[in-house]
Amino acid sequence: MGRHTSETTPPSPADQLAGELQSLKSGSGLTYARLSERTHYAKSSWERWVNGKQFPPRDAVQSIASVCGGDAERLLELWRLADSRRITFAPGGATAPVPTAAVAGAADGSPAGEAVSACPHRREASLLRRVALVSLALGAGGVLAAAGRRPFRREA
């Protein structure tokens, strides 16, 4: 989320979002510490998000709109647009868009699994988590079954 824009190039949606967050914070008169107290995010996180150093989570945008009296729908629409255009670096130096909605589920309420399938690395990670959970369940079941087979000893 860079702040390097020329005068002929319009700001990116991420820069626009950061500008809106800055306006909201400034207009509210809240410090980062006060903003932190009223939300469940650290003041250092707010500083990074408001100044455009890092892309904010959707819930943080919703929180600042609520706390500072901003138009949540407009901010969340801007967040969706900015999130859809984000680029991250993949292994091997390739770049790939990785919207946050793929991690947390789409904003329209669709299951996270549908979005996760778009990225093979996330698909693999999801599969590994499922295999680990099944293995854990089977192992626990085996321990419980083995404990149930032990002969009961009566003391005389």
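Reading the values: rules and limits
- Residues numbered from 1 in each chain as written.
- Predicted model: local features only at pLDDT ≥ 70, side-chain atom pairs only at ≥ 80, totals over all residues.
- Heavy atoms only, no water.
- Salt bridge = Lys/Arg side-chain N within 4 Å of Asp/Glu carboxyl O.
- Helix = DSSP H or I, 4+ residues; strand = E, 2+ residues; numbered from the N terminus.
- Buried < 20%, exposed > 50% of the residue type's maximum accessible area, 1.4 Å probe, protein only.
- Core = buried A, V, L, I, M, F, W, Y, C linked by side-chain atoms within 4.5 Å.
- Contact = heavy atoms within 4.5 Å.
- pLDDT = per-residue confidence, 0-100.
- Phe/Tyr/Trp six-rings, centres within 6.5 Å; stacked < 30°, edge-to-face > 60°.

Colleague: With reference to specific residues and values, describe the pattern of salt bridges.
Modeller: With the rule as written, the count across this model stands at five salt bridges. As a salt-bridge pair, E37 and R34 come within 3.2 Å of each other at their nearest N and O atoms. Placement of the pair is E37 and R34 together in helix 2 (residues 32-38), with a separation of three residues, close to one helical turn. Accessibility expressed as a relative area gives 58% for E37, which makes it exposed. Among the salt bridges present, the one from D83 reaches R86, with a minimum N-O distance of 3.1 Å.

Colleague: Hey, could you go over the nonpolar core for me, with residue numbers and the actual values?
Modeller: L17, W46 and I64 are the most contacted members of the largest nonpolar core, which totals 21 residues. Among the secondary structure elements, those contributing two or more residues to this core are helix 1 (13-28), helix 3 (43-50), helix 4 (58-68) and helix 5 (72-84). If sequence neighbours within four positions are ignored, I64 has contacts with L21, L24, L35, W46, V50 and G69.

Colleague: Account for the confidence of the model for the protein chain, with residues named and values stated.
Modeller: Of all residues in the protein chain, 66% attain a pLDDT of 70 or more, and the chain-wide mean is 76. Below a pLDDT of 50 lies the segment residues 102-118, which in the model reaches 17 contacts outside its immediate sequence neighbourhood of four places, other chains included.

Colleague: Describe helix 4, listing the residues and the values that go with them.
Modeller: The complete set of buried residues in helix 4 reads A60, V61, S63, I64, A65 and C68. Those residues of helix 4 hidden inside the fold are in contact with helix 1, helix 2, helix 3 and helix 5.

Colleague: Outline the packing of aromatic side chains, listing residues and values.
Modeller: One pass over the full model with this rule turns up four aromatic pairs. Ring plane angle 85° and centroid distance 5.7 Å describe the contact between Y41 and W46, whose orientation is recorded as edge-to-face. According to the relative accessible area criterion, W46 is buried, its value standing at 0%. Their ring planes at 85° and their centres at 5.2 Å tell us that W46 and W49 sit as a pair that is edge-to-face. Here the residue W46 and the residue W49 both occupy positions in helix 3, the gap between them amounting to three residues, near one helical turn. For the pair W46 and W49, one class covers both residues: buried. Taken together, Y41, W46 and W49 form an aromatic cluster joined through their ring pairs.

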